[in-house]
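# Notes for the structure review
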Amino acid sequence: MSVAPLILVVGPSGAGKDSLMEGARHRLAGDSRIHFARRVVTRPALAGAEDHDTLPPDLFDRREAAGGFLLSWRAHGLSYGIPATVEGLRRRGTAVVANVSRAVVEEARVRLQPVGVVVVTAPPSVLADRLCARGREPVEDIRQRLDRAAERMPAGDDVRVVVNDASLEAGVEAFLAALRDLARVKRQNLTATY
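Residues numbered from 1 in each chain as written. Predicted model: local features only at pLDDT ≥ 70, side-chain atom pairs only at ≥ 80, totals over all residues. Heavy atoms only, no water.

Moving on: the sheet that holds strand 10 (residues 159-163). Reading across from one edge, 3-8-2-9-10 is the order of the five strands in this open sheet, with parallel pairing throughout. Two strands lie at the open edges of the sheet, namely strand 3 (34-36) and strand 10, each paired on one side alone. Looking at each pair of strands side by side, their axes are set apart by 20° on average, direction ignored. Here strand 2 (residues 6-10) runs beside strand 8 (residues 95-99); their pairing, made up of four bridges, is parallel. Paired with L6 across the two strands is V96, which belongs to strand 8. (Pairing = 2+ DSSP bridges. Helix = DSSP H or I, 4+ residues; strand = E, 2+ residues; numbered from the N terminus. Axes fitted to C-alpha atoms, helices over the stretch in contact; angles between N-to-C directions.)

Take the pattern of salt bridges next. This model, assessed by the stated rule, comprises 15 salt bridges. With a closest N to O distance of 2.6 Å, R38 and D53 form a salt bridge. Placement of the pair is R38 in the loop between strand 3 and strand 4 (40-41) and D53 in strand 5 (residues 53-54), with a sequence separation of 15 residues. For E106, the salt bridge identified is with R109, shortest N-O distance 2.5 Å. Taken together, the residues span about one helical turn, with E106 and R109 both in helix 4 (residues 105-111) at a distance of three residues. Its relative accessible area of 15% is what places R109 among the buried residues. Through salt bridges with shared partners, one network takes in R27, E169 and E173. (Salt bridge = Lys/Arg side-chain N within 4 Å of Asp/Glu carboxyl O. Buried < 20%, exposed > 50% of the residue type's maximum accessible area, 1.4 Å probe, protein only.)

For the structure shown, the criterion picks out two aromatic pairs. On the numbers, 4.5 Å between centres and 25° between planes, the contact of F60 with F69 is stacked. Given the relative accessible area of 0%, F60 is considered buried. Classification of F69 as buried rests on a relative accessible area of 10%. On the basis of an interplanar angle of 0° and a centroid distance of 5.6 Å, the ring pair of W73 and Y80 is categorised as stacked. Of the residues examined, W73 reaches a relative accessible area of 6% and is grouped as buried. (Phe/Tyr/Trp six-rings, centres within 6.5 Å; stacked < 30°, edge-to-face > 60°.)

This paragraph deals with the nonpolar core. Ranked by internal contacts, the top residues of the largest apolar core, which has 25 residues, are L6, L8, L71, W73, I82 and V100. Those elements giving two or more residues to this core turn out to be strand 2, strand 6 (69-75), strand 7 (78-83), strand 8, helix 4 and strand 9 (115-121). Apart from the residues lying within four places of it in its own chain, the contact partners of L8 are L71, A98, V100, V105, A108, V115, G116, V117 and V118. Residues V9, L28, I34 and L127 belong to the second largest nonpolar core, which totals 23 residues. (Core = buried A, V, L, I, M, F, W, Y, C linked by side-chain atoms within 4.5 Å. Contact = heavy atoms within 4.5 Å.)

Right under this line is the structure:
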């Protein structure tokens, strides 16, 4: 039995991960080889932001304790999770794309092979302009996000970098190329019985 790759999408706030993922999702509609995981977040959905499932913190914690998430993490005062149900898709040969925190990349590399990583980034001035334009955070929060953007991103043979500093169409094309490359990663053979 083999399992398809888990493709983790990471990058600083303002890099355009959500826009690129949404554009790629539309372009790949009907392609059963790649699935975009829907995150669970302890924040109500916001207009113009990522479309996600919402859980209150207590229910999130219960679901997490019960093993309901393949990966979960905390950031910016919120809890985030990738539903464990996507593992079934991987076992049926579908690569799964998930928007995650870089804090869970190493855990995924250890527990969930094969894993690929797409780092979406942009120059600091572009990040600052985008964060200010979305109007969701106070100035101090934007400063903290920009400081975090300067921190080290994942590196290695399993990483593809997309610099999203041009048109949306160009960004989506580069993102799709990275996804297709990582989706071709050799499937990991499973020796355990599930």
